[in-house]
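Okay, here's what each chain looks like letter by letter:
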Amino acid sequence: MENGKYVEGSIWLYAPNKGAPVFFAVAFLATGAVHFWQAMHYKSWRLTGLYVFCALVFVAGFIARELGAFDYKDLVKYIVSICLCYAAPPLYELANYYVLGRILYFVPYYSPIHPGRVLTTFAAISMVIETLNGVGASYVSNQSLPTKTQQAGKTLLQAALVMQLVVVTLFITLAVTFQIRCRRNGINHVKVNQALLTLYVSSTIIMVRCIYRAVEFFDLSNANYSSPDFDPSTLSPIIRYEWFFYVFEATLMLCNSVLLNIRHPRRWLPKSTKVYLARDGITEIRGPGYQQERNFLVTLVDPFDVYGMIKGRDQTTRFWDTDPMDNLKTEANAELPVAARRVNETV
């Protein structure tokens, strides 16, 4: 790790550090435990439960890496560690998609798209990225596979990393567009600003990590391990030195998890998606919420509901343009028995 020299027989190319995996496994376990308590405290399992799962994935990945440090010729431990450490960061970004959707529910009238479609659209893309990550990492890490298969794994990982960079960029663009709309129309609420700031920082951390991984694997793709003249010392330092992994993967992802502990989304976002900010930028109102009129597959194909905008269907869902008292009456009527509702309607 210190001198960047190849260690004979090591699948990792170097002798893995034995202390660092223990530290990061304990650290991710601690931040995961805090996320667990916060999910219980805020009753936000649906919103932030993924934070707990991500931390546990990293814990398992570093345990596998620690075991591999004592037996760096064991292929199974290497594969397990690599796959788990690659799987967790995209899940953090998936959690960010959900949080942005909740922010858009809070100020629905300036949302570029239906808030619920943020999750369905980006989650579908994330599923593709996760699949490419999993298959690619398993192919690349298994050096007993044919060269063509390993090369295919590198290509899959490169595609997944590039896709993740593109998706993160689009995600940030969507969030910035929303915030600009809010500012131009006089919405400068602390809850909106603070929640968005957390998303910006988290997404930036994840993007830096993606850039590191992309550089690493584009360098790996240029190496010919099967060649008899292959010299490990000619590999890029980003591959030969273990500290790159601990700085740009482990430390960054730990900082992201701790960030989400300190700036937990439920500190600013309401528990229910039906609670939204009135156009005065101050009053919070409990309305009827969005009514999903399209099935899941149609939503994936047309997340912006272009067809609905052409037909004018989006005008029927603008519950925020109605009198707040009408929303309260609607909710009150919904809680009454059917007979009582009929009486109210005839009066």
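Residues numbered from 1 in each chain as written. Predicted model: local features only at pLDDT ≥ 70, side-chain atom pairs only at ≥ 80, totals over all residues. Heavy atoms only, no water.

## As for the side chain of Thr-198
With respect to the helices and strands, the residue Thr-198 is situated in helix α6 (residues 190-220). For Thr-198, a relative accessible area of 5% translates into the label buried. In contact with Thr-198, other than residues within four places in its own chain, are Leu-259, Leu-260, Arg-263 and Trp-268. (Helix = DSSP H or I, 4+ residues; strand = E, 2+ residues; numbered from the N terminus. Buried < 20%, exposed > 50% of the residue type's maximum accessible area, 1.4 Å probe, protein only. Contact = heavy atoms within 4.5 Å.)

## Some words on the side chain of Gln-38
Mapping Gln-38 onto the fold places it in helix α1 (residues 20-42). Accessibility expressed as a relative area gives 7% for Gln-38, which makes it buried. Setting aside residues no more than four positions away along its own chain, Gln-38 makes contact with Lys-43, Ser-44, Leu-260, Asn-261 and His-264.

## Let's talk about the packing of α1 against helix α8 (residues 243-262)
Between α1 and α8, whose axes approach to 9 Å, the crossing angle comes to 20 degrees. One finds that α1 runs roughly parallel with respect to α8. Of the two elements, α1 crosses α8, and the hand of that crossing is left-handed. Between α1 and α8, the contacting residues are Ala-20, Pro-21, Phe-23, Phe-24, Ala-27, Phe-28, Thr-31, Val-34, His-35 and Gln-38 on the first element and Tyr-246, Ala-250, Thr-251, Met-253, Leu-254, Ser-257, Val-258, Leu-260 and Asn-261 on the second. Across the contact of α1 with α8, the residue classes break down as 13 nonpolar, six polar and no charged. (Axes fitted to C-alpha atoms, helices over the stretch in contact; angles between N-to-C directions. Parallel < 35°, antiparallel > 145°, perpendicular 65-115°, else oblique. Left-handed = near helix turned anticlockwise from the far one by under 90°. Nonpolar A, V, L, I, M, F, W, Y, C, P; charged D, E, K, R; others polar.)

## Remarks on a nonpolar patch on the surface
Taken together, Val-162, Val-166, Leu-170 and Phe-218 make up a surface patch of nonpolar side chains, about 330 Å² in accessible area. With three residues, the single largest contributor to the nonpolar patch is helix α5 (residues 147-184). Considering the arrangement of structural elements, one finds Leu-170 in helix α5. (Patch = residues over 30% accessible without salt bridge, like charges linked within 9 Å, V, L, I, M, F, W, Y side chains within 5 Å. Areas by Shrake-Rupley, 256 points an atom, 1.4 Å probe, with all protein chains shown as cover. Salt bridge = Lys/Arg side-chain N within 4 Å of Asp/Glu carboxyl O.)

## Brief notes about the nonpolar core
Phe-28, Phe-62, Tyr-92, Leu-100, Ile-103, Val-107 and Phe-178 are the most contacted members of the largest nonpolar core, which totals 70 residues. If one sorts the elements of this core by residue count, helix α3 (residues 75-106) sits on top with 13 residues. Discounting residues that sit within four places of it in the chain, Phe-62 has contacts with Pro-21, Phe-24, Ala-25, Phe-28, Phe-245, Tyr-246 and Ala-250. In terms of nonpolar packing, the next biggest core, distinct from the first, is built from 12 residues, Ile-82, Leu-157, Leu-161 and Phe-217 among them. (Core = buried A, V, L, I, M, F, W, Y, C linked by side-chain atoms within 4.5 Å.)

## Some words on the environment of Leu-165
Tracing the backbone through its elements, the reader meets Leu-165 in helix α5. When the C-alpha atoms of Leu-165 and Met-207 are compared, they prove to be 6.3 Å apart, with 42 residues separating the residues in sequence. In contact with Leu-165, not counting residues within four places along its chain, are Met-207, Cys-210, Ile-211 and Ala-214.

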